[in-house]
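# Fold and geometry: a report
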Amino acid sequence: MSQNRPTIIAGNWKMYKTMEEAQQFFSELLNLVSGSEHQIRLAVPFTMIHTLAEKAKGTLILIGAQNMSDASEGAFTGEIAGRMLREVGAQFVLLGHSERRHIFGETNAFIQKKVVRALEDGIQPLLCFGETLDQREQNQMEDVLKAQILEGLEGVSGDQLKSMVLAYEPVWAIGTGRTASPEQAQEAHHFCREVIRSQWGDDVADTVPILYGGSVKPENSKALMDQPDLDGVLVGGASLSPETFAKIVNFNHLVKT
Ligand code: PGA
């Protein structure tokens, strides 16, 4: 955590929950996190954005989407545009999540188009990247991260990048129960920040928050968050229960037993 950057705790619900479950979750979460000094975010399925964004007005919770189209409008059956998301209250959008890259074949170049579109449409991109286990074992981690960052952010200005959030999510840690150690996470975060520094300069590198994602749980969140280049977490599985997610939000109030 750094003094200069906000601490962000974001949940990614993926394709889970009905509207009824989502509303119940939201009421329970609000009670459990009142008084938190952190920024709390939930990336929820499209159909729940409007209702939850209305409920979130005046609270410390921001509601966002998990994906969007690279086009502003057009004959793209089944797609959703950034301005449609913004209109219903989404304040940010996950882009480049590993499930989009690996299951749906999204490339750095395609993700870059979405980043640029989101910035144009006035919805904050939360760009995710991370290496696979194979890439890590073949010592390709740094090359992969560098390409994901530089290609995914091509044409993005320093000011635009300062308005964004990034997330390092090693693919081998997502949904596997195998978290990166705090040292592994710090090493990767530091590397990513230096890639940004070399391209956009100190001010941007020292301003943009970089979250960690991959099997974050209440038990490991504090040690991760203590790392200097880690500005928060992006939580999948553990964001589905209000109690568990609230424990992560309140990580700095947890008393070790
Ligand atoms: P996980 O997912 O916390 O279940 O590993 C993280 C993510 O996909 O963002």
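Preceding this section is the structure that the text describes.
Calculation criteria
- Residues numbered from 1 in each chain as written.
- Predicted model: local features only at pLDDT ≥ 70, side-chain atom pairs only at ≥ 80, totals over all residues.
- Heavy atoms only, no water.
- Near = heavy atom within 4 Å.
- Polar contact = N/O pair within 3.5 Å; in protein donor to acceptor, adjacent residues only side chain to side chain.
- Areas by Shrake-Rupley, 256 points an atom, 1.4 Å probe, with all protein chains shown as cover.
- Phe/Tyr/Trp six-rings, centres within 6.5 Å; stacked < 30°, edge-to-face > 60°.
- Helix = DSSP H or I, 4+ residues; strand = E, 2+ residues; numbered from the N terminus.
- Buried < 20%, exposed > 50% of the residue type's maximum accessible area, 1.4 Å probe, protein only.
- Lys NZ or Arg CZ within 6 Å of the ring centre and 35° of its normal.
- Axes fitted to C-alpha atoms, helices over the stretch in contact; angles between N-to-C directions.
- Parallel < 35°, antiparallel > 145°, perpendicular 65-115°, else oblique.
- Left-handed = near helix turned anticlockwise from the far one by under 90°.
- Contact = heavy atoms within 4.5 Å.
- Nonpolar A, V, L, I, M, F, W, Y, C, P; charged D, E, K, R; others polar.
- Core = buried A, V, L, I, M, F, W, Y, C linked by side-chain atoms within 4.5 Å.

Another point: the site of the ligand. Close to the ligand lie 13 residues, the nearest being K14, H97, E169, G175 and S215. Between an oxygen atom of the ligand and a side-chain N or O atom of H97, the distance comes to 2.7 Å. Between the ligand and G175 there is a distance of 2.6 Å, counted from an oxygen atom to a backbone nitrogen or oxygen. If the ligand stood free it would expose 280 Å²; the protein chains cover 95% of that surface.

Per the stated rule, a full pass over the model turns up 2 aromatic pairs. Arranged with centres 4.8 Å apart and planes meeting at 80 degrees, the rings of W13 and F25 form a pair that is edge-to-face. Separated by 12 residues along the polypeptide, W13 in the loop between β1 (8-12) and α1 (19-33) and F25 in helix α1 bring together distant segments of the chain. Note on accessibility: W13 and F25 belong to one class, buried. An angle of 55 degrees between the planes, with centres 6.3 Å apart, marks the rings of Y168 and Y212 as tilted. Here the residue Y168 occupies a position in strand β6 (residues 165-168), and Y212 occupies one in strand β7 (residues 210-213), the gap between them amounting to 44 residues. The residues Y168 and Y212 share a single accessibility class, namely buried. K17 extends its terminal NZ or CZ atom over the ring of W13, reaching a point 5.3 Å from the ring centre.

Where α1 contacts helix α2 (residues 49-56), the two axes come as close as 10 Å, and the packing angle between them is 15 degrees. Overall, the two elements α1 and α2 adopt an arrangement that is roughly parallel. Once α1 is placed against α2, the crossing between them reads as right-handed. For the pair α1 and α2, contact is made by M19, A22, Q23 and F26 and by T51, L52, K55 and A56, respectively. Taken together, the residues of the contact of α1 with α2 break down into 5 nonpolar, 2 polar and 1 charged.

On to the nonpolar core, then. If you look at the biggest cluster of nonpolar residues, it comprises 66 residues, and the most contacted ones within it are L42, I63, L153, L161, L166 and I196. Of all the elements, helix α9 (residues 182-200) adds the most residues to this core, at 7 residues. Setting aside anything within four residues of it in sequence, one finds I196 in contact with I149, L161, L166, G201, V204, A205, V208 and I210. Core analysis: the next-biggest nonpolar cluster, separate from the first, contains 11 residues, F92, L126, V165 and A167 among them.

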